[in-house]
Amino acid sequence: MAGPEGDHEADLDAFLDKFRGPERYEGAFSPENWEKEFEKIPMFMKKAPSEIDPKQNPDLACLQSIIFDEEKTLEEQAKTYKNEGNDYFKEKNYKKAVISYTEGLNKKSSDQDLNAVLHTNRATAQFYLGNYRSALSDSIAARKLSPNHLKAIIRGALCHLELKHFSEAMTWCEEGLRIDPKEKKLIETRAKANRLKRIEERDLRKAGLQEKKEQAQKEAVFKAIKDRNIKLSSVSSEDENVISASLAEMSLDGFSSHSPTGSKVCLDENGSLSWPVLFLYPEHGQSDLISAFHEESRFIDHLTVMFEELPPWDTERKYYPSELELYYEDEEREEIYQICTQSTLLQALQHQRYFVKAGTPTFLVLVKCAPFSKNYFGGKKVHWLK
């Protein structure tokens, strides 16, 4: 017969068996999913859900309703949102911080100091998001409510600095330093704004001088072109009004901002022009660009260098310099002019029917007596230039 001690042990084993078997106490964690269930308890959550569903998180929804109790005063509700925003800010969740501060402002509390803090805090969150104009607007709003709010002044000065409003940044710093002459952040920001302002002014002066220099170069180039009776596009060199307009539109990357070559005509120290010149080979759909073709250079000299070795696309081996012919097209009259390869570039450009387009003289290169050359011009009249 078992004694009292044996009965006690049997009762204890029976009690413990309830925890080992399927008959667990109501609401107990599942052995398989206890960690997930544990995280549903608000106190032990590692991360709160972005949207609280009362069915999924009833405990959290209950706490939320207590925190944001609408029976509280507007000031109390605004402070709650401010504190929530501060918590988000500490977590570096600046977007949610902005939302919380905005909710606090939407309560339209009569506490102007609290509203000034909400504006300043939202300005700080917007600043860290890179929304400097929004941050500046909040800083200004905070100062309207509390003119001596030093944090709002500091944030506004930093916003002006980021927006490159250096004079305004210095003004805000001066106003803040009248409140606290030893405020380190304002002293540093003022010094930085002053330094950047001087750099900006220096750069503007340099840019102005460079612009004047470029304009002088442009006018010198245009005068040299005009003196040589070289015509741009289809403009008559005698039309002074159109010339003035063309001069205003000239670019240092050519006479048109849409120059296809990206090169430019240059005037050297000896008063000579060098042009970007484009050679087109219509038979093969190829082209060559000479970026600086001196006006006194002959076409044959360049062709000799270019075709010293025949290009890979010349499979018939016929593009020898001595066998090449040069042409340009008068699009207005639909006529063709053949140029002697012994001519200089200047001689070609000075012809009465040659017009430089987009700052880049262009010429066609064909092979003498080749079948393609005979058929290319399609019955257009061809003039020979001596």
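Conventions we followed
The numbering scheme is per chain: residues are counted from 1 as the chain's sequence reads. A pLDDT threshold of at least 70 governs which residues receive local features in this predicted model, and a stricter bar of 80 or more applies before side-chain atom pairs are shown or counted, although totals over entire chains, interfaces and linings include all residues. Note: side-chain values were computed over all heavy atoms of the structure, leaving out hydrogens and water. Joining through side-chain atoms within 4.5 Å is the link that ties buried Ala, Val, Leu, Ile, Met, Phe, Trp, Tyr and Cys residues into a set, and such a set is a nonpolar core. Exposure classes here rest on a 1.4 Å probe applied to the protein chains alone. A residue is buried below 20% of its type maximum, exposed above 50%, and partly exposed in between. Note on conventions: DSSP H or I runs of at least 4 residues are helices, E runs of at least 2 residues are strands, and numbering of each starts at the N terminus. By definition in these notes, contact holds between two residues if any of their heavy atoms fall within 4.5 Å. Stacked, tilted and edge-to-face are the three classes assigned to paired rings of Phe, Tyr and Trp, where Trp is represented by its six-membered ring and a pair needs centres within 6.5 Å; plane angles under 30 degrees give stacked, over 60 edge-to-face, the rest tilted. Whether a charge sits over a ring comes down to the Lys NZ or Arg CZ being within 6 Å of the ring centre and within 35 degrees of the ring normal. Each patch is built from salt-bridge-free residues with over 30% relative accessible area, joining like charges within 9 Å and nonpolar side chains (Val, Leu, Ile, Met, Phe, Trp, Tyr) within 5 Å. Residue-level accessible areas treat just the shown protein chains as cover; the underlying method is Shrake-Rupley with a 1.4 Å probe. Salt-bridge detection follows one rule: a side-chain nitrogen of Lys or Arg within 4 Å of a carboxyl oxygen of Asp or Glu. For the purpose of counting charges, residues Lys and Arg are taken to be positive, whereas Asp and Glu are taken to be negative. His and the chain ends are not included. For the purpose of locating charges, the reference atoms are NZ of Lys, CZ of Arg, CG of Asp and CD of Glu. For a helix, the expected span equals 1.5 Å multiplied by the residue count minus one. What the arc measures is the spread of directions leading from the helix axis to the C-beta atoms. For helices, the fitted axis covers only the stretch in contact; all axes are lines through C-alpha atoms, and the angles between them, taken along N-to-C directions, range from 0 to 180 degrees. We call two directions roughly parallel when the angle between them is under 35 degrees, roughly antiparallel when it is over 145, roughly perpendicular when it lies between 65 and 115, and oblique otherwise. Should the near helix be turned anticlockwise from the far one by less than a right angle, the crossing is termed left-handed; should it be turned clockwise, right-handed. Polarity classes work like this: nonpolar for Ala, Val, Leu, Ile, Met, Phe, Trp, Tyr, Cys and Pro, charged for Asp, Glu, Lys and Arg, and polar for all others, with Gly in that last group. Following DSSP output, two strands are said to pair if at least two bridges run between them.

Asker: Just give me the short version of the nonpolar core, but keep the residues and values in it.
Answerer: With 36 residues, the main nonpolar core has Trp-275, Phe-279, Phe-299 and Phe-363 as its most contacted residues. Counting residues per element, the ones that place at least two in this core are helix H10 (184-227), strand S3 (273-281), strand S4 (286-294), helix H12 (299-306), strand S5 (324-330), strand S6 (335-339), helix H13 (345-349) and strand S8 (362-367). Among the elements that make up this core, the one with the highest residue count is S3 (five residues). Apart from the residues lying within four places of it in its own chain, the contact partners of Phe-279 are Gln-286, Ser-287, Asp-288, Ile-290, Phe-293, Phe-299, Met-306, Leu-326, Phe-363 and Val-365. Counting 15 residues, the second-largest nonpolar core is a separate cluster that includes Leu-150, Ile-153, Leu-177 and Leu-186.

Asker: Hey, could you go over the packing of aromatic side chains for me, with residue numbers and the actual values?
Answerer: Applying the stated rule across the entire model yields 20 aromatic pairs. On the numbers, 5.1 Å between centres and 70° between planes, the contact of Tyr-376 with Phe-377 is edge-to-face. Since its relative accessible area comes to 32%, Tyr-376 is described here as partly exposed. Look at Phe-377 and you get buried, because its relative accessible area is 11%. Aromatic ring contacts, followed pair by pair, group Phe-279, Phe-293, Phe-299, Tyr-328, Tyr-337, Tyr-354 and Phe-363 into a single cluster. A cation over a ring is seen here: Arg-143 above Trp-172, with NZ or CZ 4.7 Å from the ring centre.

Asker: Which residues make up a positive patch on the surface, and what are the values?
Answerer: Taken together, the side chains of Lys-185, Lys-192, Arg-195 and Arg-198 make up a positively charged region of the molecular surface. Inspection of the secondary structure puts Arg-195 in helix H10. Residue classification places Arg-195 among the partly exposed residues on the basis of a relative accessible area of 40%.

Asker: If you had to explain the environment of Thr-341 to someone new, which residues and values would you point to?
Answerer: Following the sequence through the fold, Thr-341 ends up in the loop between S6 and H13. Sequence-wise, Thr-341 and Arg-298 are 43 residues apart; in three dimensions their C-alpha atoms are separated by 7.0 Å.

Asker: Got a sec to walk through the pattern of salt bridges? Specific residues and values, please.
Answerer: Scanning all chains against the criterion turns up twelve salt bridges. Residues Asp-301 and Arg-298 are paired through a salt bridge, measuring 2.9 Å at the closest nitrogen-oxygen approach. Two residues, Glu-331 and Lys-357, come together in a salt bridge whose shortest N-O distance is 2.7 Å. Taken as a pair, Glu-331 in the loop between S5 and S6 and Lys-357 in the loop between strand S7 (355-356) and S8 lie far apart in primary sequence, 26 residues in all. Accessibility expressed as a relative area gives 52% for Glu-331, which makes it exposed. In the salt-bridge network here, residues are joined through shared partners; they are Glu-283, Glu-316 and Lys-318.

Asker: Break down helix H5 (residues 94-106) for me, citing the residues and quoting the values.
Answerer: Taking 1.5 Å per residue as the helical rise, H5 with its 13 residues ought to reach 18 Å, and the 18 Å between its terminal C-alpha atoms agrees with that figure. Every buried residue belonging to H5 is among Tyr-94, Ala-97, Val-98, Ser-100, Tyr-101, Gly-104 and Leu-105, and all of these are buried. The buried residues of H5 occupy an angular sector of 165° when projected down its axis, which confines them to one face. Exposed positions of H5 whose direction lies more than 90 degrees from the buried face are Lys-95 and Ile-99. On its buried side, H5 packs onto helix H4 (74-90) and helix H6 (112-128).

Asker: An account of the packing of helix H8 (residues 150-162) against helix H9 (residues 166-179) is requested, with residue identities and associated values reported.
Answerer: Following both chains from N to C, one finds H8 and H9 inclined at 160°, their axes separated by 8 Å at the closest point. With respect to their mutual orientation, H8 and H9 come out roughly antiparallel. Once H8 is placed against H9, the crossing between them reads as left-handed. On H9, the residues touching Leu-150, Ala-152, Ile-153, Gly-156, Ala-157, His-160 and Leu-161 of H8 are Phe-166, Glu-168, Ala-169, Trp-172, Cys-173, Gly-176 and Ile-179. Across the contact of H8 with H9, the residue classes tally to ten nonpolar, three polar and one charged.

Asker: Explain the pairing of S3 to me, using residue names and the numbers behind them.
Answerer: The two faces of a sheet get side chains in turn, since along a regular strand they alternate between them. Along S3, eight of the nine residues are buried, which leaves the element largely enclosed by surrounding structure. Pairing geometry for strand S2 (residues 266-267) and S3, over two bridges, is antiparallel. Paired with Leu-267 across the bridge in S3 is Leu-273. What sits between the antiparallel neighbours S2 and S3 is a turn of five residues, in which Gly-271 has the positive phi angle 85°. When S3 meets S4, the two strands line up antiparallel, connected through seven bridges. Bridge pairing in S4 places Leu-280 opposite Ser-287.

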